[in-house]
Structure formats: C-alpha cells, structure tokens
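# Chains, contacts and geometry: an overview
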Amino acid sequence: MIGILDLGMGNLRSLSNAIDHSGFDFQVTENQAAFDDFTHLIIPGVGHFRAAMGAVFDRQLRPQIRAFAASGRPVLGVCLGMQLLAAVGTEGGEMEGLGLVAGTVRKLELGPGLRIPHVGWNSLTKKKDHPVYEGLKQDQDFYFVHSFAMQCDDSADVLGETDYGGPVTAAVSHANVVGFQFHPEKSDASGLKLIENFCLWNGKC
Amino acid sequence: MLKKRIIPVQLLLDGRLVKTTRFGEYRDVGDPVKSSRVYSDQRADELVFLNISRDQPNVTPLAEVIAGVSKVAFMPFAVGGGIRSFDDAAFLIKNGADKVVLNSIAYRDKEIITRISERFGAQAVVVSIDARRAPSGGGYILKSACGTVTEDITLAGHIAACEAAGAGEFFVQSIDQDGTMAGFDIPLIREACRSATVPVIGCGGSGDYNQLRDAFLETNVSALACGSLFNFSDSNPIRAKAFLSNYGLPFKVV
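Here we summarise the structure given alongside this text. (Residues numbered from 1 in each chain as written. Chains lettered and ligands numbered in written order. Predicted model: local features only at pLDDT ≥ 70, side-chain atom pairs only at ≥ 80, totals over all residues. Heavy atoms only, no water.)

## Quick word on the layout of surface pockets
- Approximately 650 Å³ is the volume attributed to the largest pocket.
- What lines the largest pocket is a set of 37 residues, among which B:Asn51, B:Ile52, B:Gly81, B:Asn103 and B:Cys146 lie closest to the centre.
- Put simply, the parts of the chain that give the lining of the largest pocket at least two residues each are strand 1 (5–13), strand 2 (16–21), strand 4 (47–51), strand 6 (99–102), helix 4 (104–108), strand 7 (125–133) and strand 12 (223–226) of chain B.
- Taken together, the residues of the lining of the largest pocket sort by class into 15 nonpolar, 17 polar and five charged.
- By volume, the second largest pocket is sized at about 410 Å³.
- Along its surface, the second largest pocket is lined by 19 residues, and A:Gly113, A:Leu114, A:Tyr164, B:Leu2 and B:Lys4 are the ones closest to its centre.
- When grouped by side-chain class, the residues that make up the lining of the second largest pocket number nine nonpolar, five polar and five charged. (1 Å grid on protein atoms, 1.4 Å probe; cavity = no way out; pocket = protein on both sides within 12 Å on 5 of 7 lines; lining within 4 Å. Points joined across faces, edges and corners; volume = space filled by probe spheres on them. Helix = DSSP H or I, 4+ residues; strand = E, 2+ residues; numbered from the N terminus. Nonpolar A, V, L, I, M, F, W, Y, C, P; charged D, E, K, R; others polar.)

## Some points on the sheet that holds strand 9 (residues 140–146) of chain A
Residues and elements named next belong to chain A.
- The mixed open sheet is built from nine strands, whose spatial order is 2-1-3-4-13-12-11-8-9. The open sheet is flanked by strand 2 (26–29) and strand 9, the only strands paired with a single partner. Adjacent strand axes in the sheet meet at a mean angle of 25° when their direction is disregarded.
- The pairing of strand 1 (residues 2–5) with strand 2 spans four bridges and is classified as parallel. (Pairing = 2+ DSSP bridges. Axes fitted to C-alpha atoms, helices over the stretch in contact; angles between N-to-C directions.)

## Quick word on empty space enclosed by the protein
Residue and element names in this part refer to chain A.
- Under the definition given, this model contains three cavities of 30 Å³ or more.
- Of the volumes computed, that of the largest cavity is approximately 140 Å³.
- Taken as a whole, the second largest cavity encloses approximately 60 Å³ of empty space.
- Lining the second largest cavity are twelve residues; nearest its centre among them are Asn11, Gly45, Val46, His183 and Glu185.
- The residue makeup of the lining of the second largest cavity, split by class, is six nonpolar, four polar and two charged.

## Description of the interface of chain A and chain B
- Listed by partner, the interface residues are 34 residues for chain A and 42 residues for chain B.
- The junction of chain A with chain B conceals about 3,000 Å² of combined surface from both sides, 52% of it contributed by carbon and sulfur atoms.
- Viewed at the interface, chain B and chain A are joined by four salt bridges.
- Salt-bridge contacts for B:Lys3 lead to A:Asp141; the nearest nitrogen and oxygen are separated by 2.8 Å.
- Between the two partners, chain A and chain B, sit 16 residue pairs in polar contact (both at pLDDT 80 or more).
- No other element matches strand 8 (residues 118–126) of chain A, which puts six residues into the side of chain A that touches chain B.
- Classifying every residue of the side of chain A that touches chain B by side-chain character gives twelve nonpolar, 15 polar and seven charged. (Contact = heavy atoms within 4.5 Å. Buried area = accessible area lost by both parts, 1.4 Å probe. Salt bridge = Lys/Arg side-chain N within 4 Å of Asp/Glu carboxyl O. Polar contact = N/O pair within 3.5 Å; in protein donor to acceptor, adjacent residues only side chain to side chain.)

## Examining unusual backbone geometry
All names here are of chain B.
- Of note, the phi angle at phenylalanine 23 is positive, near 70°, even though the residue is not glycine.
- In this fold, phenylalanine 23 is placed in the loop between strand 2 and strand 3 (24–30).
- With phi around 60°, arginine 43 is a residue other than glycine that occupies positive phi space.
- Examined against the element boundaries, arginine 43 turns out to sit in the loop between helix 1 (32–41) and strand 4.
- The exposure class assigned to arginine 43 is partly exposed, which follows from its relative accessible area of 27%. (Buried < 20%, exposed > 50% of the residue type's maximum accessible area, 1.4 Å probe, protein only.)

## Describing the environment of B:Asp208
Residue and element names in this part refer to chain B.
- In this structure, aspartate 208 sits in the loop between strand 11 (200–203) and helix 8 (209–218).
- Along the primary structure aspartate 208 and serine 228 are separated by 20 residues, whereas in three dimensions their C-alpha atoms are 9.6 Å apart.
- Within polar-contact distance, the side chain of aspartate 208 engages the backbone nitrogen of asparagine 210 at 3.0 Å.
- At a separation of 3.0 Å, a polar atom in the side chain of aspartate 208 contacts the main-chain amide nitrogen of glutamine 211.

## Some points on the packing of aromatic side chains
- Per the stated rule, a full pass over the model turns up 13 aromatic pairs over all chains.
- Taking the centre distance of 5.6 Å and the plane angle of 65° together, the rings of A:Trp121 and A:Tyr143 count as edge-to-face. Of this pair, A:Trp121 sits in strand 8 while A:Tyr143 sits in strand 9; the two residues are 22 residues apart in sequence, bridging distant segments of the chain. Here A:Trp121 and A:Tyr143 have matching classes, each one buried.
- Considering the side-chain rings of B:Phe216 and B:Phe251, the 5.9 Å spacing of their centres and the 75° angle between planes classify their relative orientation as edge-to-face. On the criterion of sequence distance, the pair formed by B:Phe216 in helix 8 and B:Phe251 in the segment after helix 10 (237–245) is long-range, its members being 35 residues apart. B:Phe251 carries the same exposure label as B:Phe216, and that label is buried.
- Looking at B:Arg115, its charged tip hangs above the ring of B:Phe86, at a distance of 4.2 Å from the centre. (Phe/Tyr/Trp six-rings, centres within 6.5 Å; stacked < 30°, edge-to-face > 60°. Lys NZ or Arg CZ within 6 Å of the ring centre and 35° of its normal.)

## Points about the environment of A:His146
Residue and element names in this part refer to chain A.
- Assignment of secondary structure puts histidine 146 in strand 9.
- The class of histidine 146 is buried, set by a relative accessible area of 3%.
- Along the primary structure histidine 146 and aspartate 157 are separated by eleven residues, whereas in three dimensions their C-alpha atoms are 20 Å apart.
- Among residues more than four places away in sequence, those in contact with histidine 146 are Gln83, Leu108, Pro117, His118, Val168 and Gln181.
- A distance of 2.7 Å separates a polar atom in the side chain of histidine 146 from the backbone oxygen of phenylalanine 148.

Okay, structure coming up:
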C-alpha cells in the first residue's frame, strides 16, 4: 500500500490517479494512523514551505515521518514535498524542514530574461544511477512549477539537475529517501515511469 | 533548457466541447475526456479548459470534467470560466486542476488573486485576458464576461496590477482572431510579453504550423494555445512540434 500524505496543499488527485494508473494501491491520509500499513510514503504538495511545514508541526507529524524514513521504507517528496525533505526552508522566513536531506531551500536566482516561477517542461540531467531511474534516458523532460529550489550540502545527494539560468536541483536522494522538484504525475510517460519505479523500489540503492 | 509549450484549448458548454468563432457561433466538437486522452497520446504539453456557459452559476460541472480528465491525461491542467470566489478555485484545484484561470473577476477583485497565490502558489493563478484591437488602430481594448463587457484599463496596466496581486501566468487571447485560423495577433502577444515578467500563453487564430512558428520566433511567448487547429484539422501536437523543431524551437522529449 502506497501512502499519500495530504497536508492540504494542492492537487492530490493527479498523483493518486497516476499511482492507480501504474497498477498500485494507495491510501490518502492526513495523519500517521495508517503509517504502519504503508510500504511507501509520498509527500506531495504545492504552495508555501512555511504553510506546509506548519501543517506538519500542527499535526505533530515531523517525528512520525522521520520514523517512517528511519524504518528503511521508501519516502518520496514531490515538488514542495521534496523541499520539505530539506533541513531548512527560507520561504516566508527561515524554518526547520523534515531534515531527511541535508540542504537549504532558497529562492531561485535568475539571470536577466528568465521568468519566475520556473514553469514548464525542462530536461532532467541524471547525476547518478538510482533504481527510480530504471529505463529512463538522459535529458528527458519533466514538468516543473516552482520558485524555490533545494541546495544540497552534499553533492552526493543530488540525484538530478535541470538548467534554468544555471544548474537547479531537480531531484535528490539520500538512502531510502528521494525527492523530485518536478511533478512526475504531470510529466507524461516519463513521469509515470518514475512513479512506477518508485512504487517498485525496496528502498535500497 | 526550458521548452516551449503547445496547449490544446478546450471550451466547455454544458459538459460538451465546443469551438467558437470570435467568441460566438458555437460548434460541438466532442467529449472532453475522450479528446484529452487523444491529446495526451499526441504529447500535448498542457491542457486548458474554459467553461463558456454563462447560465451555470457554479464550477461543479467543470470539476467533474477535470476529475475525469485527470484519470486519462498526466499533464498540467489549467481550468477556468465562471470562477467567482476563492472557494471555487480551491474546489477546482482539489478536483485535479493545477492552475485556475481567472478572467472577469480579475478586473474587480485582486484580493482573490492574492489569496489563491498565497495558498497554492503564484503558478496556480493564470489570468486570462481577452483583447480586441482598438477600432481607431493602435492598442487594445480588454473585454470581460466572454467578450461582452468592455474594461477601462490598458493591457499593460492590467498585467501589472494582476502581477502585483500575485498572478503567475497570463493567457492572452485575441477575440479578433478567435476561430478564424488566420494566425495569431503577434503584436498583442508581443505587448503582453513585454508587460509581463511571468510566462505568457498566446491564444487565438491558430490555423497552421507556420503561424505557430511565426508567433514563437517573433515574440518571447512561453506557450501557444490552439483550438481550431486541433479541433478541425488533422493537425496534432506531435506534428506541430516536429515541424517547429526544424526552426530551432525546443520541445519536450518524453
């Protein structure tokens, strides 16, 4: 059973449909009650870091999510959900994140002529091999919508990058935790492949 | 590198797809869920749904369409037409919309832009602007309520005000060109791109791939939305991108 954590931030229907389409059972949950039933946990989200972490703290979910990750089961953060994996966020003021990937989420620094938010299809440059990349080619495109991005403390945690006025962290991984800045559930066949790979993953690299 | 986008635009009237000419003369062109499945297979980059039914006071039918489409198409959806409140927008997003499209209300209530933007992010707020060329020549007249009400603000002024309120994207449509298949209003798109610092989607007038090429090459537009081109011809997004790639324009690889 794939667990989808509903923090009240954005559209979960597409992600649920993508998991269903890929042939896996899922359950959407707002708290940790069902965590024991889950083989995998997905943290989606669109919106503000501060609002989302606020929801995590309000429901006292931070230790529960960290315990889930410590159990070795795969955890996936999508878009804002990936940013929440970081140690620190800065959107709306500095704030503690889930601390599952060492790094800080900062506003994109853009050169002249580039527009914020970074919206649209951009290529994913794989920075290392990983089970979730099974069957994916180098530089396939994924759908991004974001104004902030994670900067990893350890470059070994950078799973993929995209180019938007310079390299931007597009995917991270640390042990059994992965994060995608883009929306795999909105990224056509390549995105569905990533979701399928994650759902099949046992958390080991 | 960020890719250009090609977006089939689908107009909804009582749950059916229709196509207009200059915002009138509706023609039925099918079922939105079935067509969206086809557009997905044809590697469209995004889908825009606009409800043009004026006698429906709520967004429930739109949400039902999106809920169906989100089972068969895995790409972003921008949805609008008749959004009157923050709750309408939140309801559509909960039902599968990634972005909501605001038009008439964006002239009167900037607060709704700000509220949606603060809750779901600026990228979730697309302000749609319907424009007609000024009869005197030079400049544009903005129209709300499906082209029936004239707004007393310039294109640049409206774009700046909406951006300040938190809009993350503009959908700029030429009423003059709508459904004519005579090509985009390139000066309109250019002016919108010059005024906006967020991405601009151009719409209205697509009839062949050369017109897409011209609009992409002659403006900084991020995306072009097409109705008639895909509704009425055997053109499709795959062929459009194959053609446009010959001119150095970048599109997604999946």
